[in-house]
Amino acid sequence: MRLRPGFIMGEYMQFHFASAAPNQVRFVARLVNQNDTPDDLDAAAVDGAKAARFAGRTGQVFEHFAMNDGLLARIALAGTGEVDADTRLRNVERAGAALVAKYIASGETDMVLDLGHADLSGEEAAAAIFGARLRSWRFDEYRTKLAADKRVSLTAIHVINAPAGTQEAWARASAVAEGVEFTKHLVTLPANILYPESFVAKCEEAFAGTGAKITVLDEPAMEKLGMGALLGVGQGSVRASRLLAIEWQGGVEGDAPTAFVGKGVTFDTGGISLKPPPGMEDMKWDMGGAGAVAGGMLALVKRKAKANIVAIMGLVENMPDGNAQRPGDVVTTMSGQTVEVLNTDAEGRLVLCDALHWTQETYSPARIVDFATLTGAMIIALGHDHAGVFSNDDALADQLLRAGTSTGDKLWRLPIGPAYDKLIDSPIADIKNVGPRPAGSITAAQFLGRFIKKGTPWAHCDIAGTVWSDKPGPTHEKGATGWGARLIDRMIADNFEG
Ligand code: BES
Ligand code: MN
Ligand code: ZN
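Reading the values: the criteria
Residues numbered from 1 in each chain as written. Chains lettered and ligands numbered in written order. Predicted model: local features only at pLDDT ≥ 70, side-chain atom pairs only at ≥ 80, totals over all residues. Heavy atoms only, no water. Axes fitted to C-alpha atoms, helices over the stretch in contact; angles between N-to-C directions. Helix = DSSP H or I, 4+ residues; strand = E, 2+ residues; numbered from the N terminus. Parallel < 35°, antiparallel > 145°, perpendicular 65-115°, else oblique. Left-handed = near helix turned anticlockwise from the far one by under 90°. Contact = heavy atoms within 4.5 Å. Nonpolar A, V, L, I, M, F, W, Y, C, P; charged D, E, K, R; others polar. Core = buried A, V, L, I, M, F, W, Y, C linked by side-chain atoms within 4.5 Å. Buried < 20%, exposed > 50% of the residue type's maximum accessible area, 1.4 Å probe, protein only. Donors = N, O, S within 2.8 Å, 3.2 Å for Na, K, Ca; no water. Phe/Tyr/Trp six-rings, centres within 6.5 Å; stacked < 30°, edge-to-face > 60°. Lys NZ or Arg CZ within 6 Å of the ring centre and 35° of its normal.

Visitor: Even after reading the chapter, I still don't get the packing of helix α3 (residues 122–135) against helix α4 (residues 166–188), so can you show me in this structure?
Guide: How two helices pack is summed up by the angle between their axes together with the distance between the axes. Two elements in contact, α3 and α4, have axes whose closest approach is 9 Å; the angle formed by their N-to-C orientations is 25 degrees. With respect to their mutual orientation, α3 and α4 come out roughly parallel. Judged by the twist between their axes, the crossing of α3 over α4 is right-handed. Where α3 abuts α4, its residues Gly122, Glu123, Ala125, Ala126, Ile129, Phe130, Arg133 and Leu134 lie against Thr166, Ala169, Trp170, Ala173, Ser174, Val176, Ala177, Glu178, Val180, Glu181 and Lys184. Tallied by class, residues from the contact of α3 with α4 come to 11 nonpolar, three polar and five charged.

What follows is the structure, given as structure tokens:
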């Protein structure tokens, strides 16, 4: 059975469930728990595993060659760690991912993944497949000269001996994988390809036929609504700005939705407060918040989540030109509050404040969570392992923190509060868009908080350090991590689906 019809962004790994291994198998992989040597291994393999210090620890892979059905076959063992680990599901996921990382460009084309070992539950078996799927994503579309031995060879995984419940769990997990892949894809695309209008087009394609409702505001519509802050950021670019909203009604009709709002700056030069050249290319992923929201929403929609959700993305390009806004300009936001733009590079909060206000006016959401690559200071504070979360509501913050722990899209809470307000009071307008150097991530969050209506639970996730990685991780190649899509899916699944 072919489990995976071609994905809109191209073909990755194909997964097939089979009741028995295909004929003439040359490559079999299986999972092994820590310190649990399989008793059907031949003596040479047992010695070899010991010599290679393979102990079944999470992510370890040991390979040997042995006769299998009369053919010499490559046999790989992937470690899943301890059976009773709290992080069992993620460990198994990492084992599946480690197999793909090792063999994706090995020359092997087909892998038989035998999941009839390691005491896996159906959910755990699906987690192994999920890890394999996530780790197989890569973006080679623009490489026309990739050496033959660097190209992807492994394109099919034949799952055998899957425990009961694997396929049900996989049906759900594969929808989430599609969401993560969509996030990675959007984050990876360069800014000459991905700009506000093409971001919208990608979403229209991804969500076509799903039942999700898409609304797009163009510049005249936003002007009419008074979104002076968002439009001010985009006015120095030849690319027109957009506000994109995707609605999913999977819950009780009339129930207030959960709103996810994303910063979608498709390129951030800094504007007139121009950034220095080194590393500026990173700012193609300054739409990582919108990417997370789009991918998370795709996961929810593809698995038909039983909840009402809206995803709102503020899409602009921040460029310097003769029409660009200047430091010192005062803009009027849709909320009516005025902002003194002291630094045109603090543009994310200008985009989000209008997107957040519009979201509240349009949907009266039960709660709002925004995602944004908002401040370099976030990377100084937390590095690349955790994103920061700021919230006016302890319950909402805890829901996000827990979803982060279980998915690996980890968060760490930082404070906000009225004590920080004086740092962003402006002498000429209601608020200024930058504070002093200290607490740069907090004052950015505090700025956003001024656009949240009293009584609305709200959380802001500053993901500047987590959407891109210079080295490969357990479930991603180097580059886009896909951060956020799983978090969004899990946060809804664990709290808002009955
Ligand atoms: N997009 C950047 C933040 C950023 C920097 C994300 C590095 C990822 C890596 C944001 O728009 C920005 O430029 N923020 C400024 C704010 C400052 C001017 C108050 C920053 O962090 O320097
Ligand atoms: Mn900026
Ligand atoms: Zn930015």
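Visitor: Looking at this model, I keep getting lost on the nonpolar core. Mind explaining?
Guide: If you look at soluble globular proteins, the nonpolar side chains tend to sit buried side by side. Core analysis: the largest hydrophobic core is formed by 52 residues, its most contacted members being Phe199, Phe207, Phe260, Met313 and Phe371. No other element matches helix α8 (residues 288–302), which puts seven residues into this core. For Phe199, the contacting residues outside a window of four places in its chain are Leu186, Leu194, Leu244, Met287, Ala290, Gly291, Ala294, Met313 and Leu315. By size, the runner-up hydrophobic cluster in this structure holds 38 residues, among which are Met222, Met227, Val339 and Ile431.

Visitor: Where do I start with the coordination of the zinc ion (ligand 3) in this structure?
Guide: The reference angle at a metal is 109.5 degrees if four donors form a tetrahedron and 90 or 180 degrees if six donors form an octahedron. Distances from the zinc ion (ligand 3) to its protein donors, Lys263 (NZ), Asp268 (OD), Asp286 (OD) and Glu347 (OE), fall at 2.0 to 2.4 Å. The sequence pattern describing where the donors of the zinc ion (ligand 3) fall on their chain is K-x4-D-x17-D-x60-E. Distance-wise, the manganese ion (ligand 2) is placed 3.2 Å from the zinc ion (ligand 3), both being coordinated by Asp268. Note that Asp286 is positioned in the loop between β9 (258–268) and α8 and Glu347 in the loop between β12 (338–341) and α9 (348–363), a separation of 61 residues in sequence.

Visitor: In this structure, what is going on with the packing of aromatic side chains? I would like to understand it.
Guide: The description of an aromatic ring pair uses the distance of the two centres, along with the angle that the planes make with each other. Evaluated as defined, the whole model comprises nine aromatic pairs. Arranged with centres 6.0 Å apart and planes meeting at 35 degrees, the rings of Phe54 and Phe62 form a pair that is tilted. Comparing Phe54 with Phe62, the two get one shared label, buried. Grouped by ring-pair contacts, the aromatic residues Trp137, Phe139 and Tyr142 constitute a single cluster. Directly above the aromatic system of Phe27 lies the positively charged group of Arg74, at a separation of 5.8 Å from the ring centroid. Positioned over the ring face of Tyr195 is Arg239, at 3.6 Å from the centre of the ring.

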